[in-house]
Amino acid sequence: MALGALHLAAYQRQAALQALRSRAVDPRAVWSKVEERHFHAALGKHKKDLRAVHDAVRTKDMASVVRLYYLENGFKKKEEREKARDMQLLKEARSREAAAAREPRSGTSP
């Protein structure tokens with residue numbers, strides 16, 4: 001479902017999220033602010049132990065807890081990978097520019 005929406009939105013994350021949010025939503029997938037606070041507090045305490053997080057939230061089924069965990073962490077990790085890749089590309093471009101600036105230009109006489 002999420003990958004299909006992402007594909008239909010030409011891999012634009014915000015557009016895909018908007019499309020997913022505008023669809024008829026299963027009530028189990030909608031999280032209140034209180035439930036989200038409980039989720040994040042439990043996640044901070046229990047880390048990746050989603051069963052313990054589920055037990056702390058108590059108002060959502062396990063599938064909803066897993067879905068929210070991977071939606072949030074998946075986007076964060078993807079953004080981190082993209083940022084690291086962009087920084088690496090920028091670093092490589094700068095080193096190429098510096099190397100080109102150090103090389104003597106051919107065809108000119110000193």
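Residues numbered from 1 in each chain as written. Predicted model: local features only at pLDDT ≥ 70, side-chain atom pairs only at ≥ 80, totals over all residues. Heavy atoms only, no water.

A. The arrangement of the side chain of Ser-64 in detail. Assignment of secondary structure puts Ser-64 in helix α5 (residues 62-102). In this structure Ser-64 comes out as buried when scored by relative accessible area, which is 1%. Reaching out from Ser-64, the side chain makes a polar contact with the side chain of Asp-61 at a distance of 2.6 Å. (Helix = DSSP H or I, 4+ residues; strand = E, 2+ residues; numbered from the N terminus. Buried < 20%, exposed > 50% of the residue type's maximum accessible area, 1.4 Å probe, protein only. Polar contact = N/O pair within 3.5 Å; in protein donor to acceptor, adjacent residues only side chain to side chain.)

B. Quick look at unusual backbone geometry. Non-glycine residue Ala-10 carries a positive phi angle of around 55°. Secondary-structure assignment places Ala-10 in the loop between α1 (2-8) and α2 (13-22). One non-glycine residue, Lys-47, adopts positive backbone phi at about 55°. In this fold, Lys-47 is placed in the loop between α3 (33-46) and α4 (50-57).

C. Geometry of the packing of α4 against α5. One way to put it is that α4 packs onto α5 with a least axis distance of 9 Å and a crossing angle of 115°. Taken as a pair, α4 and α5 cross one another with a handedness that is right-handed. Residues Leu-50, Arg-51, Val-53 and His-54 of α4 pack against Met-62, Val-65, Val-66, Tyr-69 and Tyr-70 of α5. Here the residues of the contact of α4 with α5 sort into seven nonpolar, one polar and one charged. (Axes fitted to C-alpha atoms, helices over the stretch in contact; angles between N-to-C directions. Left-handed = near helix turned anticlockwise from the far one by under 90°. Contact = heavy atoms within 4.5 Å. Nonpolar A, V, L, I, M, F, W, Y, C, P; charged D, E, K, R; others polar.)

D. Structural context of α4. For α4, the set of buried residues is Leu-50, Ala-52, Val-53, His-54 and Val-57. On its buried face, α4 is in contact with α3 and α5.

E. Examining the pattern of salt bridges more closely. Inspection of every chain in the model, using the stated rule, returns five salt bridges. The closest approach of N and O atoms between Glu-82 and Lys-78, which form a salt bridge, is 3.9 Å. Taken together, the residues Glu-82 and Lys-78, both in helix α5 and four residues apart, mark about one turn of the helix. By relative accessible area, Glu-82 is classed as partly exposed at 25%. Look at Lys-78 and you get partly exposed, because its relative accessible area is 27%. Arg-85 is the salt-bridge partner of Asp-86, the closest N and O atoms lying 3.4 Å from each other. (Salt bridge = Lys/Arg side-chain N within 4 Å of Asp/Glu carboxyl O.)

F. View of the environment of Ala-9. For Ala-9, the location among the structural elements is in the loop between α1 and α2. Since its relative accessible area comes to 17%, Ala-9 is described here as buried. For the pair formed by Ala-9 and Ala-19, sequence separation is 10 residues and the distance between their alpha carbons is 8.2 Å. Non-local contacts of Ala-9, meaning those with residues more than four positions away in its chain, are made with Ala-15 and Ala-16.

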